[in-house]
Amino acid sequence: MKKRRSKWLGSQSVLLTWTLSYMAVLLLPVILSSIVYFQSSKMLADEIHLANNSLLKQLRENMDKQLEAVNRLNFELNWNTKFRELVDQHKYSIFPEDYMYDLYDATKDMSLYQSAYAETGLFYIYLASRDTILLPGVYRNTRFAYAEHNASGNLSYEAWLDILRQNKFKGYVPMNRTTENGTSVRALAYISTYDYEDGKPSGANVIMIDNDKILSSLMNIEAFSKGHVLITDSDNQVLVSSSNTDLPAQLPFGKLTGDSGMFLWEFGGERYEVFSIQSNESNLRYISMIPSEVYWQKAELVRRLTLLSIMASLLGGGFLTYIFLRKNYNPIQRIVRAFSSKTAIREKGSNEFLFIQQAVDSTLSELDHMLLERKRQNYSLRSNYILRLLKGRLDDELPLAEALSAFDIQLLSGDCAILLFYLEDLDVFLERVQGKTAAQKLQLLHFIVNNVIEELVNVKHRGYMAETDDAMPCLVSLSPVSSDEHNSDLLQVARSAQEFLAQTYNIYLTVSVSRVHHGIDQIHQAYQEALDAMEYKLVMGKQEILSYEEIERNNIRPDTDSGYFYPLQLEQQLINYVKVGDFQSAVTSLDDILQMNLSKHPVKVPLARCLMLDLVGTLIKSIGELGPAQDNILLQNPKRIDRLSSAETLAEMQEQLKSMLKEACEYAGARRLQNVQENRHRALNDLISGVSAFIDEHFTDPGLNVSLLGQHFDMKPTYLSKLFKEQSGEGLLDTINKRRIDWSKQLIQQQRLTINEAAEKSGFNDVGTFIRTFKKIEGITPGKYKETIED
């Protein structure tokens, strides 16, 4: 009994901690429920106001979207040139015959707007000068349109017409609209009149939104369905109302101040929560009148539920606390006893969880340390064993199969090869790694290279890395496939390792690849081949892949040891490229010569230097053939030749040689630039003359345009038009039109043709285009021009 009491009262026991935690969890909802109980009235009042305000904002959002669509539709109607011409009527004083066509065309545009703005209702344009209403798809006389769409309301024809004839009026007006089935519905009309012309009305845009469409989504909300929703203008005139009674008219609008507000109003023995908010799109105000009892009926229910939750929490929580304490503590006791008997850690007054954590951490730490030490030792031993294999020092005392199994080396077949990796330019990688010593940086470098290469090799084969003083060899056990596939896989691994390490870590490698050998006793021979291939780095350059098999195949050719290959025809070809300034062709020819001597048939380093100096002599000879010796840019700076001959690597010599080649080509190209410019100027003059002649011959063809000219002269139309305008000062289309208009004038004068006949014979497809073009060029229409001739 005393022992159990000590468990409950022990200050560090988990049992006491759990007891206090459960009590805190139990008391927390009780305290919160009590606070909710005493503060529920205030919170419910705030929630009521927030709910009313949210509902009203929803109304504003829905209505403002529709008002935005109305404003957007009104803007497009105002700025549509077809509608504007019909309202202003200026065009038809000159072209009266175009009125009916434009009127019909405008009704089709109205139909397009009707499809695009389906959320709006009826809309039309009033044309004051023509006493016409323009509707989607049709146009009507003003009185007929009123009788068809608006006569069912309490707004007379005269009052409706007076509103449409106001000057600069923009606002909302409540009115009725007659639907297609003849019923009358209430609607809100947005009317925007045009400016007066000569003191007379021009017209107006009318866009209507049905009240049902405005209020339909809100009536599904319980609060709004039991209350009232109003929309008023800046003069507190009720434009839209969800109520059919005169209650909204009794509302004290004087209390509605600012952009939003709320007040309580009693009317007819009932209390209302009145909220108002200003529209973001117009001067309209949205008002909600919701009976307070809609919300307060639920307030009493919340209070009762709060009291019941407090009682349930006290009774149920106390019982569950006792049950969970007994159930959860027994497993903890058993775990503590198990660890206490098998570890050096003792409880010493600490709680049970801390003791278990210390025991587990200690066990896992020892296990990780053992595994890490084993891995390090195994890697070092395996690396040493691989090095002994590479140097041909097999251990006769230890059987090969046992050694390979001990060091986890798996031979997929009897075929093997060596990849030798030489690290180049380590400064970039070492500078990127911060906070480590030089030895740690090198260790990290070797770790990265080892893992990347082994992973690439292990895709198809098995690779085992080792480390020497100068390079990093990789023993590759090849899978049983063809020898050609072996060579391809080895080269692919070398390329992938180079690219990945360079792009990801800025580690640059030169790789040599041995031939494929059969048998474990041939590993030493393969390693020696990789070392021999690596010696060719001096000739081939850094960061290359040096295949021993490829080098050996090239070295058996008899012409590789007799000198370098640079015949007279190749030298003459290079001279010709330099003389014409063709750097791309010259550098291609130079690359072919270098590749033939340094890649396909590698030459010795002294012969390579002689080849480079021979190529420099070719460049000097090329420049010498273009002018006197004192103008030779290569002879003016002899130190460049000295730097080339003293370069340490063939790659550096090639870069300097290409730089000298570029200067020589630029010098030769500059001397030819003047002749090229003169030839281009003559060619442009011939082109412009040809275009002008083609226009004179084909201007009566209706299909003649800039695109046809571009196709005929095999040039882009825009570029041809630009060249023509730069040379002649006049655009191609203007030239064609002027030639056609001149010809039409001759036809009208000499043959007394009609306007349509003259347009057709002059190359115009459309008489309207002919009239506009004639007036643009001559200043008068072709009809008036004909009248001047007949007079």
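Refer to the structure printed above.
Keep in mind that what you see is a predicted model, and the values were worked out from it rather than measured. (Residues numbered from 1 in each chain as written. Predicted model: local features only at pLDDT ≥ 70, side-chain atom pairs only at ≥ 80, totals over all residues. Heavy atoms only, no water.)

Visitor: Mind showing me how you'd approach the overall build of the protein here?
Guide: Of the regular secondary structure elements, the protein holds 29 helices and 17 strands. Expressed as a percentage of the 791 residues in the protein, the buried residues total 39%. Within the protein, counting contacts between residues at least 6 apart in sequence, those at least 24 apart form 61% of the total. In the form shown here, the protein has an accessible surface area of approximately 44,500 Å², with 52% of it arising from carbon and sulfur atoms. (Helix = DSSP H or I, 4+ residues; strand = E, 2+ residues; numbered from the N terminus. Buried < 20%, exposed > 50% of the residue type's maximum accessible area, 1.4 Å probe, protein only. Contact = heavy atoms within 4.5 Å. Areas by Shrake-Rupley, 256 points an atom, 1.4 Å probe, with all protein chains shown as cover.)

Visitor: So what exactly am I meant to see when it comes to unusual backbone geometry here?
Guide: Excluding glycine, residues mostly carry a negative phi; peptide bonds, for their part, are mostly trans. Non-glycine residue glutamine 89 carries a positive phi angle of around 70 degrees. Position of glutamine 89 among the secondary structure elements: in the loop between helix H3 (81-88) and helix H4 (91-94).

Visitor: What is the right way to read the sheet that holds strand S9 (residues 260-267) from this model?
Guide: Two strands in a sheet stick together by hydrogen bonds in their backbones, pointing the same way (parallel) or opposite ways (antiparallel). The antiparallel open sheet is built from five strands, whose spatial order is S8-S7-S11-S10-S9. Of all the strands in the sheet, just strand S8 (238-241) and S9 have a single pairing partner and so form its edges. Direction aside, the axes of adjacent strands within the sheet are offset by 20 degrees on average. (Pairing = 2+ DSSP bridges. Axes fitted to C-alpha atoms, helices over the stretch in contact; angles between N-to-C directions.)

Visitor: I'm lost on the pairing of strand S15 (residues 508-513) in this one. Help?
Guide: Moving residue by residue along a regular strand, the side chains alternate between the two faces of the sheet. Burial within S15 is extensive, with five of its six residues counted as buried. Relative to strand S17 (residues 545-547), S15 is paired through three bridges, and the arrangement is parallel. Opposite valine 511, over in S17, you have isoleucine 545 as the bridge partner.

Visitor: Honestly, the sheet that holds strand S3 (residues 138-141) in this entry has me stumped. Any pointers?
Guide: Pairing is antiparallel in the open sheet, where six strands are placed in the order S3-S2-S1-S6-S5-S4. One side of each edge strand has no neighbouring strand; the edge strands of this open sheet are S3 and strand S4 (170-178). Each neighbouring strand pair of the sheet contributes to a mean axis angle of 25 degrees, computed without reference to strand direction. When strand S1 (residues 123-127) meets strand S6 (residues 203-210), the two strands line up antiparallel, connected through five bridges. Following the sheet pairing, phenylalanine 123 is matched in S6 by isoleucine 207. Taken strand by strand, helix H6 (residues 142-149) contacts S1, strand S2 (132-135), S3 and S4, and its axis lies near 105 degrees from that of S3.

Visitor: Can you walk me through a nonpolar patch on the surface in this structure?
Guide: Residues Leu20, Met23, Leu27, Leu28, Ile31, Leu32 and Ile35 make up a contiguous nonpolar surface patch of about 660 Å² in total accessible area. Within the secondary structure, leucine 32 sits in helix H2 (residues 14-79). (Patch = residues over 30% accessible without salt bridge, like charges linked within 9 Å, V, L, I, M, F, W, Y side chains within 5 Å. Salt bridge = Lys/Arg side-chain N within 4 Å of Asp/Glu carboxyl O.)

Visitor: I would appreciate a short explanation of helix H28 (residues 767-778) in the present structure.
Guide: Along an α-helix, residues three or four apart share an orientation, since each turn contains 3.6 residues. Between the first and last C-alpha of H28 there are 16 Å, a value that for 12 residues agrees with the 16 Å anticipated at 1.5 Å per step. Count one or two residues on from H28 and you reach glycine 779, which has phi positive near 90 degrees. (Expected span 1.5 Å × (residues − 1).)

Visitor: Would you explain the packing of helix H14 (residues 438-457) against helix H15 (residues 483-505) in this entry?
Guide: Two measures define how a pair of helices packs: the angle their axes make with one another and the distance between the axes. In contact at an axis separation of 10 Å, H14 and H15 are set at 140 degrees when each is read in the N-to-C sense. On the basis of their axis angle, the class for H14 and H15 is oblique. Considering how the two elements wind past one another, H14 and H15 form a crossing that is right-handed. Residues Ile448, Val449, Val452, Ile453, Leu456 and Val457 of H14 form the contact with H15, whose own contacting residues are Val493, Ser496, Ala497, Phe500, Leu501 and Tyr505. Each residue belonging to the contact of H14 with H15 can be placed in one class, and the counts come to 11 nonpolar, one polar and no charged. (Parallel < 35°, antiparallel > 145°, perpendicular 65-115°, else oblique. Left-handed = near helix turned anticlockwise from the far one by under 90°. Nonpolar A, V, L, I, M, F, W, Y, C, P; charged D, E, K, R; others polar.)

Visitor: Looking at this structure, I do not really get the pattern of salt bridges. What am I missing?
Guide: Side chains carrying opposite charge are able to pair once their charged atoms draw close together. Scanning the entire structure with this criterion turns up 15 salt bridges. Put simply, lysine 108 and aspartate 105 hold a salt bridge, and the shortest N to O gap is 4.0 Å. Within this pair, lysine 108 and its partner aspartate 105 are both found in helix H5 (residues 99-116), separated by three residues, close to a single helical turn. Between arginine 140 and glutamate 148 there is a salt bridge, and its shortest N-O distance comes to 3.6 Å. A relative accessible area of 27% places arginine 140 in the partly exposed class.

Visitor: Explain the packing of aromatic side chains to me, please; I cannot follow it from the model alone.
Guide: Aromatic ring pairs are reported here in terms of the distance separating the ring centres and the angle at which the planes meet. Scanning the model with the defined rule gives 14 aromatic pairs in all. Both rings, one in phenylalanine 500 and one in tyrosine 505, keep their centres 6.1 Å apart while their planes meet at 75 degrees; by these two values the pair is edge-to-face. Classification of phenylalanine 500 as partly exposed rests on a relative accessible area of 39%. Ring plane angle 55 degrees and centroid distance 5.6 Å describe the contact between phenylalanine 774 and tyrosine 785, whose orientation is recorded as tilted. Here phenylalanine 774 is found in helix H28, whereas its partner tyrosine 785 is found in helix H29 (residues 782-790), with 11 residues between them in sequence. Above the ring of tyrosine 99, the side-chain terminus of arginine 130 is found at 3.7 Å from the ring centroid. (Phe/Tyr/Trp six-rings, centres within 6.5 Å; stacked < 30°, edge-to-face > 60°. Lys NZ or Arg CZ within 6 Å of the ring centre and 35° of its normal.)

Visitor: Is there a simple way to explain the nonpolar core in this structure?
Guide: For soluble globular proteins, the rule of thumb is that nonpolar side chains tend to be buried together. If you look at the biggest cluster of nonpolar residues, it comprises 38 residues, and the most contacted ones within it are Leu77, Phe83, Leu86, Ile125, Leu134 and Tyr286. Sorting elements by how many residues they give to this core places H2 first, with eight residues. The contacts of leucine 77, once residues within four sequence positions are left out, are Phe83, Met110, Tyr113, Phe123, Ile125, Tyr194 and Asn205. (Core = buried A, V, L, I, M, F, W, Y, C linked by side-chain atoms within 4.5 Å.)

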